[in-house]
Amino acid sequence: MSRINLQPSYVLKGSSYRETSMIYEVITADYGRVSLLHKGVRTAKKNHVLQPFTPLLVSWLGKGTLHMLTYAENTSNSLLDEPEKMIVGIYLNELLMHLVPREVPSDEIFRLYNFTISNIASQEAVEKELRIFEIELLKLTGHGMQLKVTAQDGKPIEPDAYYLYELEKGPTETSSEVKAWNIVAGKTLLALAGNHEFDSTTYAESRKLMKRIIDYHIAPKKVNTRAIMKFLSNTESSLYGTK
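Here goes a summary of the coordinates provided. Please read all numbers here as calculations on a predicted model, not as lab measurements. (Residues numbered from 1 in each chain as written. Predicted model: local features only at pLDDT ≥ 70, side-chain atom pairs only at ≥ 80, totals over all residues. Heavy atoms only, no water.)

This paragraph deals with the overall build of the protein. A count of helical and extended segments in the protein gives six helices and eight strands. When the helices and strands of the protein are placed in sequence order, the string is β-β-β-β-β-α-α-α-β-β-β-α-α-α. In terms of overall size, the protein behaves like a compact globule, its C-alpha atoms giving a radius of gyration of 20 Å where 243 residues would be expected to give roughly 18 Å. Expressed along its principal axes, the backbone C-alpha trace of the protein runs to roughly 65 × 40 × 30 Å. (Helix = DSSP H or I, 4+ residues; strand = E, 2+ residues; numbered from the N terminus. Rg over C-alpha atoms; globule rule 2.2 N^0.38 Å.)

This is how it looks when you write it as structure tokens:
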């Protein structure tokens, strides 16, 4: 039976277990996504330390895919305390739950999540952070996108050209007159690659493109927070910046 002590972690999801306990899904610095059983936490005498978006140190023991939580402490307060930003954080958690398998170590995924949560907490508009997170998470989970060169001949993507992005292939140059969710400006692909600034066009196109690509990789699972995020993006909320 293995024992892990004081592992940096974040809670992704909590589920009730029997009458008094909880099962938590956490993302950890060294052990990837881990399931932890916290016995008796739902009784009045227990302190609910394991909260989302809060940097934690957790210890556990056990073998298999469900471990026994033995200790937990938060190392700071929750990084996200505004309701709208908490919805964004839940979206990130859903992506991790759908794309990251259990017990696959990846310090890069933990660092990406920690970096993104910290940036969302400190910025007024967060859509760029979401696109960067999506791109990097897909890459780290084996679903990286081809964004800098064309699929058919490896030519550099031109900002003013238009491309058909095929899910298992990548971008192929096409006409701007053709309309479809996966036809985007070259500058949108370059913005996702970090080689071009985002603007109203690149934000709109990248939002549609990333939704379809993520849905393809997580099917038949669904991202439940999208409906709320879509509502927020259509309001006067400043969270999504340029629309």
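Here we come to the nonpolar core. Judged by nonpolar contacts, the single largest core of 47 residues is most densely connected at Tyr113, Leu137 and Met145. Elements that contribute at least two residues to this core include exactly strand S1 (2-17), helix H1 (83-99), helix H2 (107-122), helix H3 (127-140), strand S6 (162-166), helix H4 (186-192) and helix H5 (200-218). Of the residues forming this core, the biggest block, eight residues, is contributed by H1. (Core = buried A, V, L, I, M, F, W, Y, C linked by side-chain atoms within 4.5 Å. Buried < 20%, exposed > 50% of the residue type's maximum accessible area, 1.4 Å probe, protein only.)

With that settled, consider unusual backbone geometry. Of note, the bond from Ala219 into Pro220 is cis; its omega dihedral lies within 30 degrees of zero at 10°. Inspection of the secondary structure assignment puts Pro220 in the loop between H5 and helix H6 (226-233). For Arg18, which is not a glycine, the phi torsion comes out positive at approximately 55°. As for its placement among the helices and strands, Arg18 is situated in the loop between S1 and strand S2 (21-28).

With that settled, the discussion passes to the packing of H3 against H5. Across the interface, H3 lies against H5 with an axial gap of 11 Å and an inter-helix angle of 35°. Seen from above, H3 lies across H5 with left-handed handedness. Residues Glu127, Lys128, Arg131, Glu134, Ile135 and Leu138 of H3 touch H5, and the partners they reach there are Tyr203, Ser206, Arg207, Met210, Ile213, Ile214 and His217. In terms of residue class, the contact of H3 with H5 is built from six nonpolar, two polar and five charged. (Axes fitted to C-alpha atoms, helices over the stretch in contact; angles between N-to-C directions. Left-handed = near helix turned anticlockwise from the far one by under 90°. Contact = heavy atoms within 4.5 Å. Nonpolar A, V, L, I, M, F, W, Y, C, P; charged D, E, K, R; others polar.)

Reading around the barrel, the five strands line up as S1-S2-S3-S5-S4 and close back on themselves, with mixed pairing between neighbours. Each adjacent strand pair in this sheet contributes to an overall mean axis angle of 55°, direction not counted. Relative to strand S5 (residues 66-74), strand S4 (residues 56-62) runs antiparallel, the two sharing six bridges. Its bridge partner lying in S5, Trp60 is registered against Leu69. Here H2 sits on the sheet in contact with S1 and S2, set at roughly 60° to S1. (Pairing = 2+ DSSP bridges.)

A few words now on the sheet that holds strand S8 (residues 183-185). Two modes of strand pairing occur in sheets, parallel and antiparallel, and in both the strands are linked by backbone hydrogen bonds. With antiparallel pairing, the three strands of this open sheet are ordered in space as S7-S6-S8. Unpaired on one side and paired on the other, strand S7 (170-174) and S8 mark the two borders of the sheet. Strand-to-strand twist of the sheet, defined as the mean angle between neighbouring strand axes without regard to direction, takes the value 40°. Sheet analysis places S6 next to S7, joined by five bridges and oriented antiparallel.

Between its terminal C-alpha atoms H3 stretches 20 Å, which fits the 20 Å expected from 14 residues at 1.5 Å a residue. Directly after H3, the chain includes Gly142, whose backbone phi takes a positive value near 85°. (Expected span 1.5 Å × (residues − 1).)

On to the pattern of salt bridges, then. Inspection of the entire model under this criterion finds 12 salt bridges. Between Lys155 and Asp153 there is a salt bridge whose closest N-O contact spans 4.0 Å. One salt bridge connects Lys169 with Glu166, and the closest N-O pair in it is separated by 4.0 Å. Linked through salt bridges whose partners overlap, the residues forming this network are Glu127, Arg131, Glu134 and Arg207. (Salt bridge = Lys/Arg side-chain N within 4 Å of Asp/Glu carboxyl O.)

According to the stated counting rule, one finds four aromatic pairs in the structure shown. With 5.7 Å between their ring centres and 80° between their planes, Tyr31 and Trp60 make a pair best called edge-to-face. Here the residue Tyr31 occupies a position in the loop between S2 and strand S3 (32-38), and Trp60 occupies one in strand S4, the gap between them amounting to 29 residues. Overall, Tyr31 belongs to the partly exposed group, its relative accessible area being 33%. Classification of Trp60 as buried rests on a relative accessible area of 3%. For the ring pair Phe198 and Tyr203, a centre distance of 4.9 Å and an interplane angle of 20° mean the geometry is stacked. (Phe/Tyr/Trp six-rings, centres within 6.5 Å; stacked < 30°, edge-to-face > 60°.)

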